[in-house]
Amino acid sequence: SRNDVLIRKSSHVFLLRLAAPIVTIALIAVIAMGVDKAALVQAFSHVSESDLVLGLALVQLQIMLSALRWRFTAGRLGQRINLNRAIGEYYVASLLNQSLPGGMAGDAIRAWRMRTADQGGWKLPAKAVLFERLSGQAAFFVLAACGIVAWPLLIGAHEPVRLHSVLPVMLACTVLALIGLMLAIRTNSFHRLTSLLPDLQQVFVKDRAWAVQIGLSLVILATYLAIFLLASGAIGAPLPMVAALTAIPLALLAMLIPAGLGGWGTREAAAMALWPFLGASAADGLAASLLYGALSLAGAAPGILVLALPGFAVAGTKS
């Protein structure tokens, strides 16, 4: 029957979603087995309390600015969100994004928790969350694309970087971009995007909204880069500023691959592959990425309190 088919499909999807994080974590565990354990332990011994405090402070700034961007985006669509509510919900979303498979579960829950009895229920909040994430991811993709193009030109800026090492990364990114384009064409995503053009113009173009979106996204992007630079320096492997344009954006983009728990695993694999291009070791890349993840997760921990407080109920929006 049709119900049986739906049940089988749902079970298959569930098993795939469950298997992806397990396979990814197992793969990273195998890769990590080849890392010098002594070097890894030594790397973490360099981390100081001041590094941790500064890193956690940057995470708080990142979350609060992201909440402001979301609040502005929602406001452009007609959804009014109290500032405290926006910050609290963003803590929840950030925490869940890093704890659940796929890396986007927290955003889905954020949209669901912001649903209203009118204005289409969850549709308007979902659209606001989607556009807010789009603003942030666009900044990442632009920076990563610029870094891929500029990387060969910056080879002289840091001696260990060689063109034959960079080319495979550039090729892999190009292949992934082409695959994404083919999937978008096959799933008719461009037609769906066309139907959203009026809302996109309202959020990103009209009344100089682009200036606010670009300004906030650039500052938020800077916090991501700063935390990763801080993490790498804290474990005793400071990176040149070239890394903020090249290796770090690619490591962060690896978190978008829906094959692990909130980017854990894919980010570490990318860092282990990219750090040696800048004169560090794979162990340094692994340690820096793990510290980055730990700071981001600990920084979002107040989301647990938000979930526990009854004052943060669904009825917290104003329209």
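Rules behind the numbers
- Residues numbered from 1 in each chain as written.
- Predicted model: local features only at pLDDT ≥ 70, side-chain atom pairs only at ≥ 80, totals over all residues.
- Heavy atoms only, no water.
- Helix = DSSP H or I, 4+ residues; strand = E, 2+ residues; numbered from the N terminus.
- Buried < 20%, exposed > 50% of the residue type's maximum accessible area, 1.4 Å probe, protein only.
- Contact = heavy atoms within 4.5 Å.
- Areas by Shrake-Rupley, 256 points an atom, 1.4 Å probe, with all protein chains shown as cover.
- Core = buried A, V, L, I, M, F, W, Y, C linked by side-chain atoms within 4.5 Å.
- Salt bridge = Lys/Arg side-chain N within 4 Å of Asp/Glu carboxyl O.
- Polar contact = N/O pair within 3.5 Å; in protein donor to acceptor, adjacent residues only side chain to side chain.
- Expected span 1.5 Å × (residues − 1).

When helices and strands are counted, the chain shows 14 helices and two strands. In the chain, which comprises 319 residues, the share counted as buried stands at 44%. Across the chain, the fraction of contacts at a sequence separation of at least 24, relative to all contacts at a separation of at least 6, is 75%. For the chain, the exposed surface amounts to about 16,300 Å²; the carbon and sulfur share of it is 72%.

A few words now on the nonpolar core. Of all hydrophobic cores here, the largest spans 68 residues; its most connected members are Trp70, Phe228, Ile248, Leu252, Leu274 and Trp275. With nine residues, helix α6 (residues 123–150) is the largest single contributor of residues to this core.

A word on the pattern of salt bridges. One pass over the structure, following the stated rule, counts nine salt bridges. One salt bridge connects Asp199 with Lys127, and the closest N-O pair in it is separated by 2.8 Å. Here Asp199 is found in helix α9 (residues 197–204), whereas its partner Lys127 is found in helix α6, with 72 residues between them in sequence. Owing to a relative accessible area of 22%, Asp199 belongs among the partly exposed residues under this scheme. Classification of Lys127 by relative accessible area gives partly exposed; the value is 26%. With a shortest N-O distance of 2.9 Å, Glu268 and Arg267 are connected by a salt bridge. In this structure, Glu268 and Arg267 share a single accessibility class: buried. Counted as one network, the salt bridges with shared partners bring together Arg69, Asp107, Arg110, Glu132 and Arg133.

When you line up the elements, Arg110 lands in helix α5 (residues 105–113). On a C-alpha basis, the gap between Arg110 and Pro125 in space is 8.3 Å, while along the polypeptide they are 15 residues apart. Leave out the neighbours within four places in its chain, and Arg110 touches Trp70, Glu89, Tyr90, Ala93, Val129, Glu132 and Arg133. At 3.2 Å, the side chain of Arg110 forms a polar contact with the side chain of Glu132.

With that settled, the discussion passes to unusual backbone geometry. You will see that Asp207, though not glycine, has its phi angle at about 55°, which is positive. Look at Asp207 and you get exposed, because its relative accessible area is 66%. The phi angle at Arg208 is positive, at roughly 55°, despite the residue not being glycine. Of note, Arg208 is situated in the loop between α9 and α10 (209–234).

Next up on the list: helix α3 (residues 49–76). Compared with the 40 Å implied by 1.5 Å per residue over 28 residues, the 41 Å span of α3 between its first and last C-alpha is a close match. Count one or two residues on from α3 and you reach Gly78, which has phi positive near 100°.

Take it as geometry only, folks, not as evidence of what the structure does.
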